[in-house]
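Okay, here's what each chain looks like letter by letter:
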Amino acid sequence: MSEVIIYNARPEDAEAICRIGGYFPAGSESPTPENIRNHIWQFPEGQLVALLNQRVVGFALTMRTNHSPDEHPLPWLDAVGDLDISNHDPDGLWLYGIDFVVDSNYRRKGIGTRLYQARFNLVKKLGLRGFYAGGMLMGYQHYCHQMNIRQYAEKVIRGEISDPTVTMQMKRGFRPYRLIENYTCYPAAGDAAMLIVWKNPQQISI
Ligand SMILES: CC(C)(COP(=O)(O)OP(=O)(O)OC[C@H]1O[C@@H](n2cnc3c(N)ncnc32)[C@H](O)[C@@H]1OP(=O)(O)O)[C@@H](O)C(=O)NCCC(=O)NCCS
């Protein structure tokens, strides 16, 4: 495979991000390119894209927040504020994952891992406490007739079921903290997410 390049999203990448998107957990609303350009304008370093043969094949969008993952977890829309991420706090001590998608034609090639590495590097560069997100339990749709979302999440945490998203995140160094019910409107993932946390090893004693 040609080399994948990870870089800060440019305003002209907004259309490609929206084309790949589709997992924004905001009910029927989806962000427009104008929303994405607002993310870039507010926090350019936090908006990353993966480029392969000059084509955007993945993206990772983040904001900063002082809402710690040890506090009561917020549903996605309450965490971000709105599709323009009005809750982004330039002084926030935590990086929060807004969305993260690799084009389905380019998965399992290490692109998601590269995007996570870039986010971890950003946490270290900015001296933040860590990074957290609601990891979508994307595999639940295959088990929803056998168990509820809480039972599914427990089995994913114990390693008895491999979830295409949350297991991948756990293998990349995230700790699963707890299930967040009613995190999103995304029935295939049980409308829920796993609170996943990565603490900055350079700040671990804080
Ligand atoms: C989750 C997601 C972003 C992962 O992206 P990805 O680019 O496929 O991630 P990677 O390729 O880095 O890793 C996925 C797996 O492919 C494997 N892999 C990486 N390179 C590989 C290669 N060259 N050959 C075979 N497998 C490979 C990785 O080891 C990993 O498997 P593992 O977790 O068992 O170790 C992607 O599946 C996705 O967009 N899913 C839908 C949206 C979503 O769930 N977003 C997250 C919301 S919280």
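Residues numbered from 1 in each chain as written. Predicted model: local features only at pLDDT ≥ 70, side-chain atom pairs only at ≥ 80, totals over all residues. Heavy atoms only, no water.

Caption draft 1: Representation of the overall build of the protein chain within the structure. Within the protein chain one finds 6 helices and 7 strands. Scanning the protein chain from its N terminus toward the C terminus, one meets helices and strands in the order β-α-α-β-β-α-β-α-β-α-α-β-β. Each principal axis of the C-alpha atoms in the protein chain carries an extent, and together these give about 45 × 40 × 35 Å. Across the 206 residues that make up the protein chain, the buried fraction comes to 49%. Long-range pairs, those at least 24 residues apart, make up 69% of the contacts in the protein chain between residues at least 6 apart in sequence. Of the roughly 10,100 Å² that the protein chain leaves accessible, carbon and sulfur atoms contribute 46%. Averaging the locations of the 21 positively and 21 negatively charged side chains of the protein chain gives two centres separated by 10 Å. (Helix = DSSP H or I, 4+ residues; strand = E, 2+ residues; numbered from the N terminus. Buried < 20%, exposed > 50% of the residue type's maximum accessible area, 1.4 Å probe, protein only. Contact = heavy atoms within 4.5 Å. Areas by Shrake-Rupley, 256 points an atom, 1.4 Å probe, with all protein chains shown as cover. Lys, Arg positive; Asp, Glu negative; His and termini not counted. Charge placed at Lys NZ, Arg CZ, Asp CG, Glu CD.)

Caption draft 2: Structural view of the packing of aromatic side chains. Taken as a whole and judged by the stated rule, the model has 11 aromatic pairs. Centroid distance Trp94 to Tyr132: 6.0 Å. Interplanar angle 75 degrees. Geometry classified as edge-to-face. Taken as a pair, Trp94 in strand E4 (residues 94-102) and Tyr132 in strand E5 (residues 130-136) lie far apart in primary sequence, 38 residues in all. There is no split in this pair, since Trp94 and Tyr132 are both buried. (Phe/Tyr/Trp six-rings, centres within 6.5 Å; stacked < 30°, edge-to-face > 60°.)

Caption draft 3: Focus on unusual backbone geometry. For Arg108, which is not glycine, the phi dihedral falls at a positive 60 degrees. Judged by its relative accessible area of 86%, Arg108 is exposed. In this structure, Asn182 takes a positive phi of about 55 degrees despite not being glycine. Relative to the helices and strands, Asn182 resides in the loop between strand E6 (175-180) and strand E7 (193-199). You can call Asn182 exposed: its relative accessible area is 61%.

Caption draft 4: Fine view of the state of the cysteines. Tallied over the entire structure, the rule returns 0 disulfides. In this model Cys18 remains outside any disulfide bridge; the closest cysteine sulfur is found in Cys185, 19 Å from its own. Here Cys185 is not disulfide-linked; the sulfur of Cys144 is the nearest cysteine sulfur, at 15 Å. (Disulfide = S-S within 2.5 Å.)

Caption draft 5: Just helix H5 (residues 149-158), in detail. Within H5, burial applies to Ile149, Tyr152, Ala153 and Val156. Here the buried residues of H5 occupy an arc of 100 degrees about the axis, which is enough to place them on one side. Next to the buried residues of H5 lie helix H6 (166-171), E6 and E7. Two to three positions downstream of the cap, the backbone nitrogen of Arg150 sits 3.1 Å from a side-chain oxygen, assigning the N-cap of H5 to Asn148. Gly159, located one to two residues past H5, shows a positive phi value of around 80 degrees. (Arc of directions from axis to C-beta. Polar contact = N/O pair within 3.5 Å; in protein donor to acceptor, adjacent residues only side chain to side chain.)

Caption draft 6: Highlighting the site of the ligand. Close contacts around the ligand come from 20 residues, with Phe100, Gly110, Thr113, Thr165 and Lys171 the closest. Take Arg108: an N or O atom from its main chain is 2.8 Å from an oxygen atom of the ligand. (Near = heavy atom within 4 Å.)

Caption draft 7: Broad picture of helix H4 (residues 111-126). Compared with the 22 Å implied by 1.5 Å per residue over 16 residues, the 23 Å span of H4 between its first and last C-alpha is a close match. Those residues of H4 lying buried are Ile111, Gly112, Leu115, Tyr116, Ala118, Arg119, Phe120, Leu122 and Val123. Gly127 lies just past H4 and shows a positive phi near 65 degrees. (Expected span 1.5 Å × (residues − 1).)

Caption draft 8: Just the side chain of Asp13, in detail. The topology assignment puts Asp13 in the loop between strand E1 (5-8) and helix H1 (14-20). In this structure the side chain of Asp13 is engaged in a polar contact, spanning 3.1 Å, whose partner is the side chain of Tyr7.

Caption draft 9: Molecular detail of the sheet that holds strand E3 (residues 55-65). Here we have 7 strands laid out as an open sheet, ordered E1-E2-E3-E4-E5-E7-E6, and mixed in their pairing. Both edges of this open sheet fall to E1 and E6, since each of them pairs with a single strand only. Taken over all neighbouring pairs, the strand axes of this sheet differ in orientation by 25 degrees on average, direction set aside. By the bridge criterion, 7 bridges tie E5 to E7 in an arrangement that is antiparallel. Of the residues in E7, the one forming a bridge with Phe131 is Trp198. Sitting on the sheet, H4 is in contact with E1, strand E2 (47-52), E3, E4, E5 and E7, with an inclination near 165 degrees to E4. (Pairing = 2+ DSSP bridges. Axes fitted to C-alpha atoms, helices over the stretch in contact; angles between N-to-C directions.)

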